[in-house]
Amino acid sequence: MSLEGLVLVLDVGPSMRALLPEIEKVCSMLVQKKLIYNKYDEVGVVVFGTADTKNDLTVEVGGYENVMVLRDVKVVDADLIEALQQLPRGSAHGDFLDAIVVGMDMLIKKYGPTNKGKKRLCLITNALTPIKDPYEGTKEDQVNTVAAQMMTHGMKMDCVIIRANQDWGVKKEIVKENDFLLNVFSTKSSSKKVYVESATSLLGALRTRNISPVTIYRGDFELSSKLKIKVWVYKKTSEEKFPSLKKYSDKAPLTDKFATHEIKVDYEYKSIEDPNRVVPPEQRIKGYRYGPQVVPISSAEWEAVKFKPEKGVKLLGFTGASNIMRQYYMRDVNIFIAEPGNTKAILAVSALARAMKDMNKVAIIRCVWRQGQANVVVGVLTPNVSEKDNIPDSFYFNVLPFAEDVREFQFPSFSNLPPSMQPNEQQQQAADKLVQMLDLAPSGKEEALQPNLTPNPVLERYYRSLELKSKDPDAAIPPLDETLRKITEPDAELLYQNRAVIEEFRRLFELKENPKLKKSSRRVLREKPSGSSEEGEGKPMDAIEYTSNVKVEKIGDSNPVQDFEAMISRRDSPEWITKAIQSMKDKIFDLVENSFEGDTYEKALECLGALRKGCIMEQEPKQFNEFLRHLHKFCQEKNLSSFPEYLMSHKMMLISKNEAPESDIPEHEARLLIVKKEPKAEQGS
């Protein structure tokens, strides 16, 4: 098993005292996540800037004062969390280079030449105090020697440098020198350096969860039939989700030490005709809805018609970078690198990436990551030219949408409104000032809430609560931490400093009650939607509250229109729009097919009208038009010609381009209704 060995190297000197509470939080969070995801990882802690000295190198070779090993490298546990939550407050100025060497010594003694690539140092400091002059050579020579030893032993290092906006009371020459020396680590070894200015950024700067990269594709990047480059593809970014929670059984005896407490779920399928008979797997077959019918398709038939593209990555062509809009990017970002160790592939990727950057071009490619993959991915390759000599060039890959996936939302311009509804010059200036006030990247300051330095506040709060509950299951959920509050709530200090701007905006834009909203929110007595719960039956309900509070999941028989409107207005998942449209189509089919002398035509027309309105609102006119044509054909096949005539008499027509820009039907064609009566064949005498 490939486990990580980590040493935290923490500055606890006088200049760091105000920041230590936040460092305690972020370091304990790191260990909490390891207990969940990597519980066999090993972590050690070194602090510097203390009055005391405690490390092996001081005893063995002398020196390395004010550096203290708080914990040796060993498997993570709850004791380590408690130790990190109570870091010592130092009174001396520490030497970060001495502390790094002590941390390296711990890893070398623990692992020796093994575990290469899995040994990591994490330095957190403000680097405001100078390091000691070496006995021989320069400070740069000393750093180069240490960096070379890191590379020899396969160590990595993350440097988090805290530079809060405050008067440090130190010489700028010292800060500049320390920044230069830390930069040497970045260029001469596998080290990353990041500067932060706030507690929020610090929370996101430390890599609290170590995820090993895994390739999603290894093979040829085919530029033509005669030119192929060997590449590997990794995930560059990925959404961090909640840990997978499992069901736990408490039925096992407390004395049973070998109980797994796992719950296994088995499903039984029973016959509708005979509920007592269990249907075995060989007698079951999947069914798929098509209109009002369910079409059975066996696994053999499904395999026969299944699209099975060949594994590979092929170039489709090049286009200008300006032609690919940022909002078209979908899903996670992948990174294309040349096959490691393949010199020709590295040169080919580098040449292609640099040529594309010089010409401001991107590549459109077709990807099938693995054999038997059900779908083909089309995306864009953007060149990523490396600034470091020891890191080769690469490409970023983003999935692009197909035409059916793109929705162009068109909003009317202010210029189309009457002059009385357009903002005057004063109002425009007030709005400009309000937007500038809320700028997350003001000039001269660190950008607030940078994506790569901002953690997910929901996950952070979850992990903190989990650690608390692990100690005391009955413990109450603590109030929101101030650091997380800055992510989830407006900056109170910013609002206070700019209260004049906010008041000016409020004064110039008078709020008035919208009469339309008042009319639509009148209290009316509604029947309970048939797809909802029993609560609230017969009570007066606010029309606006209905769509937001009642979670309708199916279209019932008593109020199908009301159920459809509630389903299509749900915004907790994009699937509800598709589900609502399909369910309403099925309901209309049922009403028409099961009618007796047209007794359900009126209800079917109401449903069709609601479906038409919903498809216009959700920019799905093609779905309605295709359905109306299909319904007409269905009525012809079932000898239900009276229903198309009924639709004609009530002027039910297709959605035209004038009503919805997404439609491809002109106004005059929509008025033909498509469902016009078919001429009857003449009978011979």
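Residues numbered from 1 in each chain as written. Predicted model: local features only at pLDDT ≥ 70, side-chain atom pairs only at ≥ 80, totals over all residues. Heavy atoms only, no water.

**Regarding the state of the cysteines**
By definition, a disulfide links the sulfur atoms of two cysteine residues through a covalent bond.
Piece 1. Within this structure, the stated rule accounts for zero disulfides.
Piece 2. No disulfide involves Cys-159; its sulfur sits 8.3 Å from that of Cys-122, the nearest cysteine.
Piece 3. Residue Cys-159 is classed as buried on the basis of its relative accessible area of 1%. (Disulfide = S-S within 2.5 Å. Buried < 20%, exposed > 50% of the residue type's maximum accessible area, 1.4 Å probe, protein only.)

**Concerning the pairing of strand S1 (residues 5–11)**
Piece 1. Judged by how many residues are buried, S1 sits mostly within the fold: seven of seven residues are covered.
Piece 2. On S1, burial covers both faces: Gly-5, Val-7, Val-9 and Asp-11 on one face and Leu-6, Leu-8 and Leu-10 on the other are all buried.
Piece 3. Pairing of S1 with strand S4 (residues 119–125) involves six bridges; the strand directions are parallel. Residue pairing across strands places Leu-10 opposite Ile-124, the latter belonging to S4.
Piece 4. Here S1 pairs with strand S2 (residues 42–48) via seven bridges, running parallel. Note on S2: the bridge partner recorded for Asp-11 is Phe-48.
Piece 5. A crossover connection joins S1 to the parallel S2 through helix H1 (residues 20–37); in handedness this β-α-β unit is right-handed. (Helix = DSSP H or I, 4+ residues; strand = E, 2+ residues; numbered from the N terminus. Pairing = 2+ DSSP bridges. Right-handed = clockwise from strand over helix to strand, strands pointing away.)

**Considering the pairing of strand S12 (residues 330–338)**
Piece 1. Taken together, the five bridges between strand S8 (residues 227–235) and S12 define a ladder with antiparallel strand orientation. Note on S12: the bridge partner recorded for Val-231 is Ala-338.
Piece 2. Here S12 pairs with strand S15 (residues 394–399) via four bridges, running antiparallel. In the strand pairing of S15, Phe-336 is matched with Phe-395.

**Overview of the sheet that holds S8**
Piece 1. Strand order around the closed barrel formed by seven strands is S7-S8-S12-S15-S14-S13-S11, with mixed pairing between neighbours. Pairs of neighbouring strands in the sheet enclose a mean axial angle of 35 degrees, with direction left out of account. (Axes fitted to C-alpha atoms, helices over the stretch in contact; angles between N-to-C directions.)

**With respect to the pattern of salt bridges**
Piece 1. Using the criterion set out here, one finds 31 salt bridges in the structure.
Piece 2. Where Glu-24 meets Arg-89, a salt bridge forms, and the shortest distance between an N and an O atom there is 2.6 Å. Remark: Arg-89 occurs in the loop between helix H3 (78–84) and helix H4 (96–111) and Glu-24 occurs in helix H1; sequence separation between them is 65 residues.
Piece 3. We classify Glu-24 as buried; its relative accessible area is 11%.
Piece 4. Linking Arg-612 and Glu-659 is a salt bridge whose minimum nitrogen-to-oxygen distance equals 2.8 Å. Here the residue Arg-612 occupies a position in helix H19 (residues 601–617), and Glu-659 occupies one in the loop between helix H21 (642–649) and helix H22 (667–671), the gap between them amounting to 47 residues.
Piece 5. According to the relative accessible area criterion, Glu-659 is partly exposed, its value standing at 33%. (Salt bridge = Lys/Arg side-chain N within 4 Å of Asp/Glu carboxyl O.)

**Overview of the side chain of Glu-460**
Piece 1. Residue placement: Glu-460 occurs in helix H11 (residues 457–471).
Piece 2. Side chain to side chain, Glu-460 and Lys-33 meet in a polar contact 3.4 Å long. (Polar contact = N/O pair within 3.5 Å; in protein donor to acceptor, adjacent residues only side chain to side chain.)

**What about the sheet that holds S1?**
Piece 1. With mixed pairing, the six strands of this open sheet are ordered in space as S3-S2-S1-S4-S5-S6. The open sheet terminates on both sides in strands that have one partner only, identified here as strand S3 (67–75) and strand S6 (190–196). Here the average twist between neighbouring strands, direction ignored, is 10 degrees.
Piece 2. H4 contacts S1, S2, S3, S4 and strand S5 (155–162) of the sheet and is inclined by roughly 30 degrees relative to S3.
Piece 3. Across the sheet, helix H6 (residues 172–188) lies against S4, S5 and S6, angled at about 140 degrees from S6, the strand it touches most. (Contact = heavy atoms within 4.5 Å.)

**Some details on the confidence of the model for the chain**
Piece 1. Predicted confidence across the chain gives a mean pLDDT of 84, with 91% of residues reaching 70 or more.
Piece 2. This stretch, residues 674–685, has a pLDDT under 50; its non-local contacts, to residues over four places away or in other chains, come to 13 contacts. (pLDDT = per-residue confidence, 0-100.)

**Focus: the UniProt feature "domain: Ku" (unreviewed entry) in the chain**
Piece 1. Sequence positions flagged by UniProt for "domain: Ku" (unreviewed entry) are, in local numbering, residues 276–417.
Piece 2. Summarising residues 276–417: 16% helix, 35% strand, and an end-to-end C-alpha distance of 68 Å. (UniProt positions renumbered as here; feature names shortened; annotations may be inferred.)

**Focus: a positive patch on the surface**
Piece 1. Together, Lys-156, Lys-192, Lys-236 and Lys-388 give the surface a local cluster of positive charge.
Piece 2. If you trace the backbone, Lys-236 turns up in the loop between S8 and strand S9 (286–290). (Patch = residues over 30% accessible without salt bridge, like charges linked within 9 Å, V, L, I, M, F, W, Y side chains within 5 Å. Areas by Shrake-Rupley, 256 points an atom, 1.4 Å probe, with all protein chains shown as cover. Lys, Arg positive; Asp, Glu negative; His and termini not counted. Charge placed at Lys NZ, Arg CZ, Asp CG, Glu CD.)

**Notes on the packing of aromatic side chains**
Piece 1. Applying the stated rule across the entire model yields 15 aromatic pairs.
Piece 2. For the ring pair Phe-589 and Phe-634, a centre distance of 4.9 Å and an interplane angle of 80 degrees mean the geometry is edge-to-face. You can see Phe-589 sitting in helix H18 (residues 575–593) and its partner Phe-634 sitting in helix H20 (residues 621–637), a full 45 residues away along the chain. Neither residue differs from the other here; Phe-589 and Phe-634 are each classed as buried.
Piece 3. Through pairs of rings, three or more aromatic residues link up here, namely Tyr-217, Phe-221, Phe-336, Trp-369 and Phe-397.
Piece 4. Seen from the ring of Tyr-496, Arg-499 lies directly overhead, with NZ or CZ sitting 4.1 Å from the centre. (Phe/Tyr/Trp six-rings, centres within 6.5 Å; stacked < 30°, edge-to-face > 60°. Lys NZ or Arg CZ within 6 Å of the ring centre and 35° of its normal.)

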